[in-house]
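Spelled out from the first residue to the last, the chains are:
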Amino acid sequence: MDGQTFADIEAYGVERWLGELALALREETYRPDPIRRVFIPKANGKLRPLGLSTLKDRVCMTAAMLVLAPIFEADLPSEQYAYRPGRNAQEAVVEVEELLYHGHPDVVDADLADFYGSIPHAELMRSVARRIVDRRVLHLIKMWLECPVEETDDRGRKRRTTEAKDSGRGIPQGSPLSPLLANLYMRRFVLGWKKLGLEWSLGSRIVNYADDLVILCRRGEAEEALQRLREIMGRLKLTVNEEKTRICRVPQGEFDFLGYSFGRMYSPKTGRARLGQRPSKKSIRRMVEKIHPKFGGW
């Protein structure tokens, strides 16, 4: 946004640049720059908004994330797998497969409408303030959440908006701090589910990775689980995407999660059916599209 590059900082002097930034933070004169919004293609052909902050702001956010992440890590429940040390998407896939094997065949394959753009600032800041009492840190996070956004149209004209501040919603995808804040807010859903006793009453287990979410239930409980999902998300001011959210009964049906399809699989050697997972058609197609040009159109 400000046009500053790594080369500019090296020419200016890294230590000098960092020292001035640290001084601005201590004296509380630091102000974040507007976020530049760009759009990147999604697998479904639509565009995903991405917020690009200046180097100065990314350094500050990364420093904050390095301090805050270990503090909140102890609070995050085991159902959450994204952006955590020692946890990854593959472990979430294995957990889903294990749950299907052990009596959770009915699945709510959930999708949230614009999760990152819908997170309410006031409720999110309350989650942060449970652990962080330093008003300066809270003020920094609030400023980053309310940053103006600048877009460039097809004619090269720039337009700046304050939609995040005006609506009191949304965290910018692409920010170094966004994964942690997203996990903190999704934590409210997981804890709410448990506090209401739904894990026991519905025989249900949640597996969550960022904004991807499945609820695996004992047979016959998925409809109730979906209804309770709607209710809790509504209280959290989030919206279930009804067009993409569905109930799947395994092994009769299949569902996709984190690039894998789960359901009835057949052994290529024996032909016998079994419960399992394989790379989804969508993930295979993306991989083929990446590799295809290297083979000269083969």
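Everything quoted here is computed from the prediction, not taken from an experiment.

## A few points about helix H2 (residues 14-26)
One full turn of an α-helix is made of 3.6 residues, so residues set three or four places apart face in the same direction.
At step 1: Across its 13 residues, H2 extends 18 Å between first and last C-alpha, which sits within 8% of the 18 Å expected from 1.5 Å per residue.
At step 2: For H2, the full list of buried residues reads Trp 17, Leu 21 and Ala 24. Angularly, the buried residues of H2 cover 60° about the axis, an arc narrow enough to put them on a single face. Opposite the buried face of H2, by more than 90 degrees, sit the exposed residues Glu 15 and Arg 26.
At step 3: Next to the buried residues of H2 lie helix H1 (6-12) and helix H3 (55-73).

## Some words on the pairing of strand S5 (residues 158-161)
At step 1: Of the strand pairs in this sheet, strand S4 (residues 149-152) and S5 are connected by four bridges, and their pairing is antiparallel. Directly across from Glu 150, in S5, lies its bridge partner Arg 160.
At step 2: Taken together, S4 and the strand that follows it, S5, pair antiparallel across an intervening segment of five residues, in which Gly 156 is found at a positive phi of about 85°.

## Thoughts on the layout of surface pockets
At step 1: There is about 390 Å³ of room inside the second largest pocket.
At step 2: Lining the second largest pocket are 19 residues, and of these Leu 25, Arg 26, Arg 136, Val 137 and Leu 140 lie nearest its centre.
At step 3: The set of elements that each furnish at least two residues to the lining of the second largest pocket consists of H2, H3 and helix H7 (135-145).
At step 4: Per element, the largest residue contribution to the lining of the second largest pocket is six residues, and it comes from H7.
At step 5: Here the lining of the second largest pocket is built from residues that sort into 14 nonpolar, one polar and four charged.

## Looking at the sheet that holds S4
At step 1: If you trace the four strands from one edge of the open sheet to the other, you get S2-S1-S4-S5, paired in mixed fashion. Two strands in the sheet have a free side with no partner beyond their single neighbour: strand S2 (47-52) and S5. Recorded for the sheet is a direction-independent mean angle of 35° between the axes of neighbouring strands.
At step 2: As defined by bridge partners, strand S1 (residues 35-41) adjoins S4 across two bridges and the pair is classed as parallel. The partner of Arg 36 across the bridge, within S4, is Glu 150.

## As for the sheet that holds strand S3 (residues 106-110)
At step 1: The four strands lie next to each other as S6-S7-S3-S8, forming an open sheet whose pairing is antiparallel. In the strand order of this sheet, the two ends are held by strand S6 (205-209) and strand S8 (246-249), each with one partner. Averaged over all neighbouring strand pairs, the angle between strand axes comes to 20°, with direction disregarded.
At step 2: Here S6 runs beside strand S7 (residues 212-217); their pairing, made up of five bridges, is antiparallel. Residue pairing for S7: Tyr 209 is matched across the bridge by Asp 212.
At step 3: Sitting on the sheet, helix H9 (residues 178-195) is in contact with S6 and S7, with an inclination near 175° to S6.

## Focus on the packing of aromatic side chains
At step 1: Following the criterion strictly, the structure yields four aromatic pairs and no others.
At step 2: Ring plane angle 45° and centroid distance 6.1 Å describe the contact between Tyr 83 and Tyr 209, whose orientation is recorded as tilted. Within this pair, whereas Tyr 83 is found in the loop between H3 and helix H4 (89-101), its partner Tyr 209 is found in strand S6, the two being separated by 126 residues in sequence.
At step 3: Centre to centre, the rings of Phe 115 and Tyr 116 are 5.4 Å apart; their planes meet at 70°, and the pair counts as edge-to-face. Here Phe 115 matches Tyr 116 in class, with each residue buried.
At step 4: Of note, Arg 87 hangs over the ring of Tyr 81, and the distance from its end group to the ring centre comes to 4.1 Å.

About the cut-offs
Residues numbered from 1 in each chain as written. Predicted model: local features only at pLDDT ≥ 70, side-chain atom pairs only at ≥ 80, totals over all residues. Heavy atoms only, no water. Helix = DSSP H or I, 4+ residues; strand = E, 2+ residues; numbered from the N terminus. Expected span 1.5 Å × (residues − 1). Buried < 20%, exposed > 50% of the residue type's maximum accessible area, 1.4 Å probe, protein only. Arc of directions from axis to C-beta. Contact = heavy atoms within 4.5 Å. Pairing = 2+ DSSP bridges. 1 Å grid on protein atoms, 1.4 Å probe; cavity = no way out; pocket = protein on both sides within 12 Å on 5 of 7 lines; lining within 4 Å. Points joined across faces, edges and corners; volume = space filled by probe spheres on them. Nonpolar A, V, L, I, M, F, W, Y, C, P; charged D, E, K, R; others polar. Axes fitted to C-alpha atoms, helices over the stretch in contact; angles between N-to-C directions. Phe/Tyr/Trp six-rings, centres within 6.5 Å; stacked < 30°, edge-to-face > 60°. Lys NZ or Arg CZ within 6 Å of the ring centre and 35° of its normal.

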